[in-house]
Amino acid sequence: MKTVNLTPRFWVAASLVILTLVVGLIGPFVVRTDPDSVIGGLYDKPAGTLRMLLGTDNEGQSVLANLVYGTRTSLLVGLVAGLIASAIGLTLGLIAGYQGGWLDDVISGLTNVALAIPSIVLVILLGIALNDRSSLSLALIIGVTSWPWMARAVRAQSTSIRSREHIDVARLSGASWISILTRDVLPYLLSYVVMAFVLQVSGAILAEAALSLLGLGPSGTTSLGVMLYWALQWGSIRTGAWWAFLPPTVMLTLIAFSLLLLQSSLDEVFNPRLRRGKLAKKAKGGVAEVPAAAPTPIGATGIIETPVPVTAGGN
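Given the structure is predicted, the values throughout are model-derived calculations rather than measurements. (Residues numbered from 1 in each chain as written. Predicted model: local features only at pLDDT ≥ 70, side-chain atom pairs only at ≥ 80, totals over all residues. Heavy atoms only, no water.)

The subject of this paragraph is the packing of helix 3 (residues 101-116) against helix 6 (residues 148-161). The interhelical angle for the contact between helix 3 and helix 6, taken along N-to-C directions, is 145 degrees, at an axis separation of 9 Å. Helix-helix and strand crossings are classified by hand; for helix 3 and helix 6 the assignment is left-handed. Seen from helix 3, the contacting residues are Asp 104, Ser 108, Thr 111, Asn 112, Ala 114 and Leu 115; seen from helix 6, they are Pro 148, Trp 149, Ala 151, Arg 152 and Arg 155. Among the residues making up the contact of helix 3 with helix 6, the classes are represented as five nonpolar, three polar and three charged. (Axes fitted to C-alpha atoms, helices over the stretch in contact; angles between N-to-C directions. Helix = DSSP H or I, 4+ residues; strand = E, 2+ residues; numbered from the N terminus. Left-handed = near helix turned anticlockwise from the far one by under 90°. Contact = heavy atoms within 4.5 Å. Nonpolar A, V, L, I, M, F, W, Y, C, P; charged D, E, K, R; others polar.)

Following this line, the structure appears as structure tokens:
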């Protein structure tokens, strides 16, 4: 842990993520305005009061109130969908990679078929077929269609881990395969799982926004994508009502950017090659020594990386 260096990029990403969480979780208690209540006319300009700080939308509702409630809905959809997709992908990938044989062939074939079908097409078809389009239902649809790439990556990594000596020792000691997966295989994949989960959440939030722009967003509630849909439908860009479409656009961009930046900074934390490369640049000449005994970490690219000596200067 002494070599772990939380870079400024990590702290910037963490600050942005906390900011979005504050807007979505604490914002509704600060604004205290019902997003469905009419407080003005069509696209009233921003004013001095808190509820009119960003003006009104096409229905005369507070844009600020819809923004904080919409951020909370989008974050909820992303979190639930990310958990579902990560759980399915991690479970199938671990089982396929460790067990091998016909079970690996079946799961790998299912994964390849799922990867061959564009997920956005499945999400649109399921969204149309679903009678109840609540935010949780939409999160379920996005989650069950976003697991294949994670399952393939986890399967590749667990396949390489199952041939290690400590796995053979666990088998000889009589440990069950569930115990081996959870205690001996999964710890080697935790770094990748954390980074993949961050990407799953970001992708789910953007997928919800895309569905909402097509008119398939959650019904009975507001989200950032729903705000953009109605802003476009009522010509806010044409009429110059920037306060109707710019705030949700900025918030979506901020959420996606902060999560991607967080994933990138976590790669620097978990990836020893990146850490030691930075330490080597700080060293004054010579070769940066690599500590010998540590479990082989996993980078964000899905490749198990073997520690190698790093020469100062990148040579």
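Now that the structure is up, let's keep going.
Bringing the side chain of Asp 104 into the picture now. In this fold, Asp 104 is placed in helix 3. We classify Asp 104 as buried; its relative accessible area is 8%. Setting aside its immediate chain neighbours within four residues, Asp 104 contacts Ala 96 and Arg 155. (Buried < 20%, exposed > 50% of the residue type's maximum accessible area, 1.4 Å probe, protein only.)

So, about the pattern of salt bridges. Think of it this way: side chains of opposite charge can pair up when their charged atoms draw near. Scanning the model with the defined rule gives one salt bridge in all. For Asp 104, the salt bridge goes to Arg 155, with nearest N and O atoms at 2.7 Å. On the criterion of sequence distance, the pair formed by Asp 104 in helix 3 and Arg 155 in helix 6 is long-range, its members being 51 residues apart. (Salt bridge = Lys/Arg side-chain N within 4 Å of Asp/Glu carboxyl O.)

Before going further, it helps to examine the nonpolar core. Inside soluble globular proteins, nonpolar side chains tend to come together where they are buried. Counting residues in each nonpolar core, the largest one holds 31 residues, and the members touching the most others are Ile 205, Leu 224, Ile 255, Leu 259 and Leu 262. Breaking this core down by element, the ones donating at least two residues are helix 1 (8-31), helix 2 (63-99), helix 8 (177-213), helix 9 (224-233) and helix 11 (242-270). Residue contributions to this core peak at nine residues, all from helix 11. Setting aside residues up to four positions removed in sequence, Leu 262 forms contacts with Phe 10, Ala 13, Val 17 and Val 198. (Core = buried A, V, L, I, M, F, W, Y, C linked by side-chain atoms within 4.5 Å.)

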